[in-house]
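Each chain, written out:
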Amino acid sequence: MNLSTRKVVPTPAHIVELERLGDEIAKLSAHLDAATARLLDLIREFDARGGWGNGFASCAAWLTWRIGLDPGAARERVRVARALGSLPRLAQALAHGELSYSKVRALTRVATPETEERLLEVGRAGTAEHVERIVRGWRRVDRIVEARESTRRHRSRTLHVCQDEDGMVVIRGRLEPEAGAVLMKALEAGREALDQRRRDVPAETPPDGLPRTGLIIADDPPTLGQQQADALALIVETALHHGIDPGAPGERYQVVVHVDAQVLADADAPGQSVLEAGTRVSAETSQRLACDASRVVMRHDPAGRVTDVGARTRTIPPALRRALQHRDRGCRFPGCRLPFGQGHHIRHWANGGPTTLSNLAMLCRRHHRAVHEEGYQVERQPDGELRFRRPDGQLLSQVPPPATVPTDPVETLRAQNYARGLHIDAQTSRPAWFGECLDLGYAIDVLHPLVASLRDAPAT
Ligand SMILES: [Zn+2]
Ligand SMILES: [Zn+2]
């Protein structure tokens, strides 16, 4: 074969044209990634400074409302924005348009300040698909390490109860974090109940219904250790008295509020609203709790003793609640799409507001608080639509007007990026990969710092 006869074929015009188009796509994408880095910086600052706290449940809920992201994407933006706060190298690579948002999003799921550097290399070398696979493999290792850790903790749970020579019982143990949290919560509740009893109730006449303990009320206030011991005695006595049954989740943390009828109708009226444990709550809070609750009307004699207890009724009967759920399908507050909530009386029932569909609106717990306690207002328009206002009277629109965009947004973006000293071309975000096969097992072995510890420790 005669090499000199080989002809060099010029690239056809339409291929050249398509390559130019491809470069244009790569360049603009890198510019957009650089702009996304700035967007994430702003979101991180807005989130940290609580800018969403004016009626929204979270920064993601605010983004969904204000810039129209779907809830999943909004949560992801906030997560990535927060993560980048402690991952400066990845943040910088995104800001320079070298790593795409997709790659950064995947890498921030596993990166820590210690592993950031090597993961950045993964991001530079591989395609988005490689990065995704490596991150998945990395998480598998993390999960194995976590599972071993939790198995180890679970196995080490123990409780020793033994008797001292003077007859006292000594307790020593290790509980799993969840069980320990419940214990601490119960001890706290027990201490509060005993404290309340010490203050309110003469020791010789405990009211019916309260579990009795053989508590000796001394004049000296008990130490924390003594209070804990008394609380534990109260807890076990209560448990044995009521049968050991944690109950349905909804019943476990029931709150009972005692409120005078006139306070429900008018927050400024004199009267009481107190929780069962004796904590005073604001009139607005008791109005919210009463808005959608089980209600028991009690009559008191002038000395405050209960003389008559009516039947327990729901403020909103179950059939009406189902109709409300069917109509509203979740919280109606602008931007909130929580699929469940509480029935809010637009005009409170204590003020003569009827319990009818037209006087009810479904609100999540967070937004129910916003309208009762934070000064947000809601009214129903003659056409049936709801209108929400901020505490300052400004209307909260269901969908905010879009921001104004310059006539040539792409040129403006480029100009801004160049003004920030960024030099982006069609090669800026190109991975170093040349088509070789990814050996995932080898890659994770080399990259993940905990793989060695798994190899050394015997499997459990
Ligand atoms: Zn309400
Ligand atoms: Zn809501």
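Residues numbered from 1 in each chain as written. Chains lettered and ligands numbered in written order. Predicted model: local features only at pLDDT ≥ 70, side-chain atom pairs only at ≥ 80, totals over all residues.

A. Summary view of the overall build of the protein. Regarding its fold elements, the protein presents 17 helices and 13 strands. Within the protein, residue pairs in contact and separated by at least 24 positions form 58% of the contacts whose partners lie at least 6 positions apart. (Helix = DSSP H or I, 4+ residues; strand = E, 2+ residues; numbered from the N terminus. Contact = placed C-beta atoms within 7 Å.)

B. Main features of unusual backbone geometry. At arginine 329, a position not held by glycine, the phi torsion is positive, near 55°. With respect to the element layout, arginine 329 can be found in the loop between helix H13 (318–328) and strand E9 (342–345). Look at arginine 329 and you get partly exposed, because 13 C-beta atoms sit within 10 Å. (Buried ≥ 20, exposed ≤ 12 C-beta atoms within 10 Å, placed from the backbone.)

C. Expanded view of the environment of arginine 369. Relative to the helices and strands, arginine 369 is located in helix H14 (residues 365–373). For arginine 369, a count of 17 C-beta atoms within 10 Å corresponds to the partly exposed category. Separated by 81 residues in sequence, arginine 369 and arginine 288 place their C-alpha atoms 7.0 Å apart. Arginine 369 has contacts with Arg288 and Glu374, leaving out every residue within four places of it along the chain.

D. Just the pairing of strand E10 (residues 360–363), in detail. Here E10 shows a buried face lined by Leu360 and Met362 and a second buried face lined by Ala361 and Leu363. In this sheet, E10 lies alongside E9 in antiparallel orientation, the contact comprising four bridges. When the bridges of E10 are listed, histidine 344 appears paired with alanine 361. (Pairing = 2+ DSSP bridges.)

E. Inspection of the packing of helix H7 (residues 128–155) against helix H16 (residues 440–447) at higher detail. Where H7 contacts H16, the two axes come as close as 10 Å, and the packing angle between them is 60°. By the angle between their directions, the pair H7 and H16 is classed as oblique. In terms of crossing hand, the pair formed by H7 and H16 is right-handed. Contacts between H7 and H16 pair Arg133, Ile134, Gly137, Trp138 and Val141 from the former with Leu440, Ala443 and Ile444 from the latter. (Axes fitted to C-alpha atoms, helices over the stretch in contact; angles between N-to-C directions. Parallel < 35°, antiparallel > 145°, perpendicular 65-115°, else oblique. Left-handed = near helix turned anticlockwise from the far one by under 90°.)

F. View of the nonpolar core. Of all hydrophobic cores here, the largest spans 52 residues; its most connected members are Leu84, Leu90, Leu94 and Leu107. Both domain 1 (11–152 + 430–456) and domain 3 (257–396) contribute no fewer than three residues apiece to this core. Apart from residues no more than four positions distant in its own chain, leucine 84 is found in contact with Leu40, Leu90, Ala91 and Thr108. The next biggest cluster of nonpolar side chains, apart from the first, holds seven residues, and it includes Val259, Val263, Ala283 and Ala290. (Core = buried A, V, L, I, M, F, W, Y, C linked by C-beta atoms within 7 Å. Domains from an automatic or database assignment.)

G. Representation of the sheet that holds strand E11 (residues 377–380) within the structure. Spatially, three strands are ordered E11-E12-E13 in an open sheet, and the strand pairing comes out antiparallel. Whereas interior strands pair on both sides, the edge strands pair on one side only; in this sheet they are E11 and strand E13 (395–396). Across two bridges, the pairing between strand E12 (residues 386–389) and E13 is antiparallel. From the neighbouring strand, arginine 389 faces E13, where its bridge partner is leucine 395.

H. Here's a closer look at the confidence of the model for the protein. On average, residues of the protein carry a pLDDT of 83, and 87% of them reach 70 or more. Segment residues 201–207 is flagged for pLDDT under 50; beyond a separation of four residues in sequence, or across chains, it makes four contacts in the model. A low-confidence stretch, residues 247–254 (pLDDT under 50), is modelled with two contacts involving residues beyond four sequence positions or located in other chains. (pLDDT = per-residue confidence, 0-100.)

I. Representation of the pairing of E11. Sheet topology places E11 next to E12; four bridges connect them, and they run antiparallel. By the bridge assignment for E12, glutamine 377 is matched with arginine 389. The antiparallel hairpin formed by E11 and E12 contains five residues in its connecting segment, where glycine 384 sits at a positive phi of about 95°.

J. Here's a closer look at helix H15 (residues 409–419). H15 sits mainly on the outside: one of its 11 residues count as buried. In the stretch just after H15, glycine 421 is the one whose phi turns positive, near 80°.

K. Structural detail: helix H4 (residues 88–95). For H4, every residue scored as buried is listed here: Leu90, Ala91, Ala93, Leu94 and Ala95. Buried residues along H4 sit against helix H1 (13–48), helix H3 (71–84), helix H5 (101–107) and helix H6 (116–125). Downstream of H4 by a residue or two, glycine 97 has a phi angle that is positive, lying close to 75°.

L. Molecular detail of the packing of H1 against H3. It is the contact of H1 with H3, at a shortest axis distance of 9 Å, that shows an interaxial angle of 90°. Classified by the interaxial angle, the pair formed by H1 and H3 is roughly perpendicular. Of the residues in H3, those in contact with Leu40, Ile43, Arg44 and Asp47 of H1 are Arg77, Val78, Val80, Ala81, Arg82 and Leu84. Looking at the contact of H1 with H3 residue by residue, the classes come out as six nonpolar, no polar and four charged. (Nonpolar A, V, L, I, M, F, W, Y, C, P; charged D, E, K, R; others polar.)

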